[in-house]
Amino acid sequence: MENKETYTLEELYENLPCTLVELGDRAGLNEVTIARIRDGKPTRRSSVNRLLLALSEIYKRPLSLKNVMGINIQRNLRLEKKEARQPSE
């Protein structure tokens, strides 16, 4: 895979040199979670971070939410409501 500033999640999965099961084992995630992230379903930030760490090891380049497009992070609605209730300073 070529070295670029930004990558799409789709191209990372397309060029993957291993199976989703093996990727799940490396990331410490269930293969269903790996497939849900691939399909654009909302996912916890911790799961996405573990996946990106595993992909960084596989592709031997730093991958993060800043340089990978197409990842849908699950919103924490409870935290958002709590922050909205607090008066701004």
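Residue positions within a chain follow its written sequence, with the count starting from 1. For a predicted model such as this one, the threshold for reporting local features is a pLDDT of at least 70, and the threshold for listing and counting side-chain atom pairs is 80 or more; totals across whole chains, interfaces and linings nevertheless cover every residue. The basis for every side-chain value is the complete set of non-hydrogen atoms in the structure, without hydrogens or water.

*Asks:* Would you mind going over the packing of helix 2 (residues 20-27) against helix 3 (residues 31-38) with me for this structure?
*Replies:* Relative orientation and spacing of two packed helices are given, respectively, by the angle between their axes and the distance between those axes. The axes used here are C-alpha line fits, helices contributing only the stretch in contact, and every angle between their N-to-C directions lies in the interval 0 to 180 degrees. Helix and strand assignments follow DSSP, with helices taken as H or I runs no shorter than four residues and strands as E runs no shorter than two, numbered in order from the N terminus. Look at helix 2 against helix 3: their axes get within 8 Å of each other, and the N-to-C directions meet at 105 degrees. Overall, the two elements helix 2 and helix 3 adopt an arrangement that is roughly perpendicular. Between helix 2 and helix 3, the contacting residues are Leu20, Val21, Leu23 and Gly24 on the first element and Glu31, Ile34 and Arg38 on the second. When its residues are assigned to classes, the contact of helix 2 with helix 3 shows four nonpolar, one polar and two charged. An angle below 35 degrees is treated as roughly parallel, one above 145 as roughly antiparallel, one from 65 to 115 as roughly perpendicular, and anything else as oblique. When checking whether two residues touch, look at their non-hydrogen atoms; a contact exists if any pair is within 4.5 Å. Here the nonpolar group is Ala, Val, Leu, Ile, Met, Phe, Trp, Tyr, Cys and Pro; Asp, Glu, Lys and Arg are the charged ones; every other residue, Gly included, is treated as polar.

*Asks:* Could you clarify how one ought to interpret the packing of helix 2 against helix 4 (residues 45-59) in this entry?
*Replies:* At a minimum axis separation of 8 Å, helix 2 and helix 4 run at an interaxial angle of 110 degrees. As summarised for this structure, helix 2 and helix 4 are arranged roughly perpendicular, according to the angle between their axes. Within the contact between the two elements, helix 2 uses Leu23, Arg26 and Ala27 and helix 4 uses Arg50, Leu51, Ala54, Leu55 and Ile58. For the contact of helix 2 with helix 4, a count of residues per class yields six nonpolar, no polar and two charged.

*Asks:* I tried to follow helix 3 on my own but got confused; where do I start?
*Replies:* Because an α-helix completes one turn every 3.6 residues, residues spaced three or four positions apart along the sequence face the same direction. Only protein chains enter the calculation, and the probe is 1.4 Å; a residue is then buried if its accessible area is under 20% of its type maximum, exposed if over 50%, and partly exposed in between. All of the buried residues along helix 3 are Ile34, Ala35 and Ile37. Down the axis of helix 3, the smallest arc covering the buried residues is 160 degrees, so these residues share one side. Buried-residue contacts for helix 3 involve helix 1 (9-14), helix 2 and helix 4. Pairs of N or O atoms within 3.5 Å make up the polar contacts considered here, provided that, within protein, one atom can donate a hydrogen while the other can accept it, and that residues adjacent in sequence are counted only when both atoms are side-chain atoms. The backbone nitrogen of Val32 lies 2.7 Å from a side-chain oxygen of the residue at the head of helix 3, namely Asn30. Of the residues trailing helix 3, Gly40 is marked for its positive phi of about 85 degrees. Starting at the helix axis, one direction is taken to each C-beta atom, and the arc is that of these directions.

*Asks:* Even after reading the chapter, I still don't get the environment of Lys60, so can you show me in this structure?
*Replies:* Mapped onto the fold, Lys60 is located in the loop between helix 4 and strand 2 (68-69). Reaching out from Lys60, the side chain makes a polar contact with the backbone oxygen of Glu57 at a distance of 3.5 Å.

*Asks:* Explain the confidence of the model for the protein chain here, please?
*Replies:* For any part of a model where pLDDT is low, the fine detail of the predicted coordinates should not be relied upon. The pLDDT value tells you how sure the predictor is about a given residue, anywhere from 0 up to 100. When the pLDDT values of the protein chain are averaged, the result is 90; 98% of them are 70 or greater. Highest mean pLDDT in the protein chain belongs to helix 4 (95); lowest belongs to helix 5 (residues 77-85) (81).

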